[in-house]
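Here is what each chain is made of, one letter per residue.
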Amino acid sequence: MRKMKTVDLFCGCGGLSLGFQNAGFDIVAAYDNWKPAVDVYRMNFSHPIYEQDLADTQTQTGIKDLAPDIIIGGPPCQDFSSAGHRNVNLGRAVLTTTYCDIITSVRPQYFLMENVPEITKKDILADVLERFREAGYGLSSTVLDASLCGAPQSRKRYVLVGSLGDDDGFLQKYIESNLASAPMTMRQYFTKIGYDFGVDYYFRVPRSYNRRGVFSIDEPCQTIRGVDRPIPSGYKGHPADPVEIGPRVRALTVLERSYIQTFPSTFKFEGTKSNLNQMIGNAVPVKLAEYIACAIIEYDKTRIK
């Protein structure tokens, strides 16, 4: 297998990078503009990470000079997310256009862009898809559930992969053929990595008390968000909770949240609790990234014969 030179944009603390590195890609550089995540990334990878604004033309020239085979990245998604305000005018959504600018300027053979599924309802996606096609990219897109890709989490992500000179849909069968037949549960994953959670239920603060807050570890975890809190004293329970709040229920720790995002126990995290929760919640699950990377490898083998 050839080792594709890879650049990770909006890399955060490194979920995409680690997944692609585990699959055999050669990460040559990463970029982000949030220092707490950059500091954590730098602790865990030997290649350079640049704390720079990707909208800056000098930064974009530097990426071009690296001559990557593939660019990967997840432009910040808060303005599209169902957990956010869903307002594409807040300022960060423009970074999706910035990502498109970089791809169409650098012109790597492949690119990966991941985001929340809500982006499919936004005009900005149609605009960048048109620009990618005009630049000569064939496109494959799908919404993947991380719990079918090796992560114990009900987390759906929009995945767009482009390849220069290819037809639309080129990756579809490769990305769908290895999906698990059933979602991975927290208990299955914790058993696999040798971690004892200690209880059978966990609490996640609901967005409103009209929703349940207690969940079983015998199902995939609810989506890991960028914020988390202890069990609040005001939580009175919900009819759908499998058990009442008590000794059989507890909140997830920061480290457990990283495990559910499939970061290994060897991955180093340092920083404030709020910053760590945000960077872990914003990360692409490592196993989901690795799943996508393996699909690209399988396709690339057929392409270069």
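Look up: the structure comes first, before these words.
All residue numbers refer to position in the chain's written sequence, counted from 1. Whole-chain, interface and lining totals are the exception, using all residues; otherwise, since this is a predicted model, local features are given only for residues with pLDDT of at least 70 and side-chain atom pairs are given and counted only at 80 or more. Water and hydrogen atoms play no part in the side-chain values, which are based on all heavy atoms of the structure.

Here's the deal with the overall build of the protein
Then, in step 1: The helix and strand labels rest on DSSP assignments: H or I over at least four residues marks a helix, E over at least two residues marks a strand, and numbering proceeds from the N terminus. Along the backbone of the protein there are 10 helices and 12 strands.
Then, in step 2: Computation of the radius of gyration draws on C-alpha atoms, with the globule rule given as 2.2 Å multiplied by the number of residues to the power 0.38. Over its C-alpha atoms the protein spans a radius of gyration of 19 Å, differing by no more than 12% from the 19 Å that the globule rule assigns to 305 residues.
Then, in step 3: Each of the three principal axes of the protein carries a C-alpha extent, and together these read 55 × 40 × 35 Å.
Then, in step 4: By definition, residues are in contact when any of their heavy atoms lie within 4.5 Å. If you take every contact in the protein between residues at least 6 apart in sequence, the share linking residues at least 24 apart comes to 69%.
Then, in step 5: We score Asp and Glu as negative and Lys and Arg as positive, and we do not count His or the chain ends. Note that the charge is assigned to NZ on lysines, CZ on arginines, CG on aspartates and CD on glutamates. In the protein, 35 side chains carry a positive charge and 34 a negative one; their mean positions are 4 Å apart.

A look at helix 3 (residues 57-65)
Then, in step 1: T59, Q60 and I63 are the residues of helix 3 that are buried. Buried positions in helix 3, seen along its axis, are confined to an arc of 100° and lie on one side of it. In this structure, helix 3 carries T57, Q58 and D65 as exposed residues pointing more than 90 degrees from its buried face.
Then, in step 2: The inward-facing, buried residues of helix 3 abut strand 1 (5-9), strand 2 (26-32), strand 4 (70-73) and helix 4 (94-106).
Then, in step 3: We define a polar contact as two N or O atoms separated by no more than 3.5 Å, with the added condition that, inside protein, one atom must be a possible hydrogen donor and the other a possible acceptor, whereas residues neighbouring each other in sequence contribute only through side-chain atom pairs. The N-capping residue of helix 3, defined by a side-chain oxygen 2.9 Å from the backbone nitrogen of Q58, is D56.
Then, in step 4: Phi turns positive, to about 50°, at A67, one or two residues after helix 3. Only protein chains enter the accessibility calculation, which uses a 1.4 Å probe; a residue is then buried when its area is under 20% of its type maximum, exposed when over 50%, and partly exposed in between. What the arc covers is the set of directions going from the helix axis to the C-beta atoms.

Side note on empty space enclosed by the protein
Then, in step 1: Cavity: a set of points on a 1 Å grid over the protein atoms alone where a 1.4 Å probe fits but cannot get out. Pocket: an open set with protein on both sides within 12 Å along at least five of seven lines, its lining residues, like those of a cavity, having an atom within 4 Å of a point. Grid points are joined across faces, edges and corners, and a volume is the space filled by probe spheres set on the points. Applying the stated criterion to the full structure yields two cavities of 30 Å³ or more.
Then, in step 2: A volume near 40 Å³ is recorded for the largest cavity.
Then, in step 3: Lining the largest cavity are Y202, F203, R204, C221, Q222, T223, I224, D228, L252 and R257.
Then, in step 4: Those elements giving two or more residues to the lining of the largest cavity turn out to be strand 9 (201-203) and strand 11 (221-222).
Then, in step 5: Put simply, Ala, Val, Leu, Ile, Met, Phe, Trp, Tyr, Cys and Pro go in the nonpolar bin, Asp, Glu, Lys and Arg in the charged bin, and everything else, Gly too, in the polar bin. Of the residues assigned to the lining of the largest cavity, the class counts are five nonpolar, two polar and three charged.
Then, in step 6: Computed from the structure, the second largest cavity encloses a volume of approximately 30 Å³.
Then, in step 7: Lining the second largest cavity, in full, are S140, S141, T142, V159, V161, L171, Q172 and I175.
Then, in step 8: Among the elements of the structure, strand 6 (137-145), strand 8 (156-164) and helix 6 (172-176) are those that each provide at least two residues to the lining of the second largest cavity.
Then, in step 9: The element that contributes the greatest number of residues to the lining of the second largest cavity is strand 6, accounting for three residues.

Observations regarding the nonpolar core
Then, in step 1: Residues belong to one nonpolar core when they are buried, are Ala, Val, Leu, Ile, Met, Phe, Trp, Tyr or Cys, and are joined through side-chain atoms within 4.5 Å. Counting residues in hydrophobic clusters, the biggest one holds 63 residues, and the most contacted among them are F20, F25, L171, I292 and I296.
Then, in step 2: With 10 residues, the single largest contributor to this core is helix 10 (residues 286-303).
Then, in step 3: In terms of nonpolar packing, the next biggest core, distinct from the first, is built from 27 residues, Y31, C100, I102 and Y137 among them.

Quick notes on the sheet that holds strand 1
Then, in step 1: A pair of strands is treated as paired once DSSP finds two or more bridges between them. Across the sheet, which stays open at both edges, the seven strands sit in the order 3-2-1-4-5-8-6 with mixed pairing between neighbours. With partners counted over all chains shown, the strands left at the sheet margins are strand 3 (49-51) and strand 6, one partner each. Between one strand and the next, the sheet's axes are offset by a mean angle of 15°, whatever the strand orientation.
Then, in step 2: Where strand 5 (residues 110-115) lies against strand 8, six bridges are found, and the strand directions are antiparallel. Residue F111 lies in a different strand from strand 8, and its bridge partner there is G162. Between the N-to-C directions of two axes lies an angle of 0 to 180 degrees, each axis being a line fitted to C-alpha atoms and, for a helix, fitted only over the stretch in contact.

Concerning a negative patch on the surface
Then, in step 1: Residues with no salt bridge and a relative accessible area higher than 30% make up the patches, which join like charges within 9 Å and nonpolar side chains (Val, Leu, Ile, Met, Phe, Trp, Tyr) within 5 Å. Each accessible area is a Shrake-Rupley result for a 1.4 Å probe, and residues are judged covered by the shown protein chains and nothing else. We define a salt bridge as a side-chain nitrogen of Lys or Arg found within 4 Å of a carboxyl oxygen belonging to Asp or Glu. Taken together, the side chains of D123, D127, E130 and E134 make up a negatively charged region of the molecular surface.
Then, in step 2: Its location among the elements puts D127 in helix 5 (residues 123-134).
Then, in step 3: Among the residues examined, D127 registers a relative accessible area of 45% and is labelled partly exposed.

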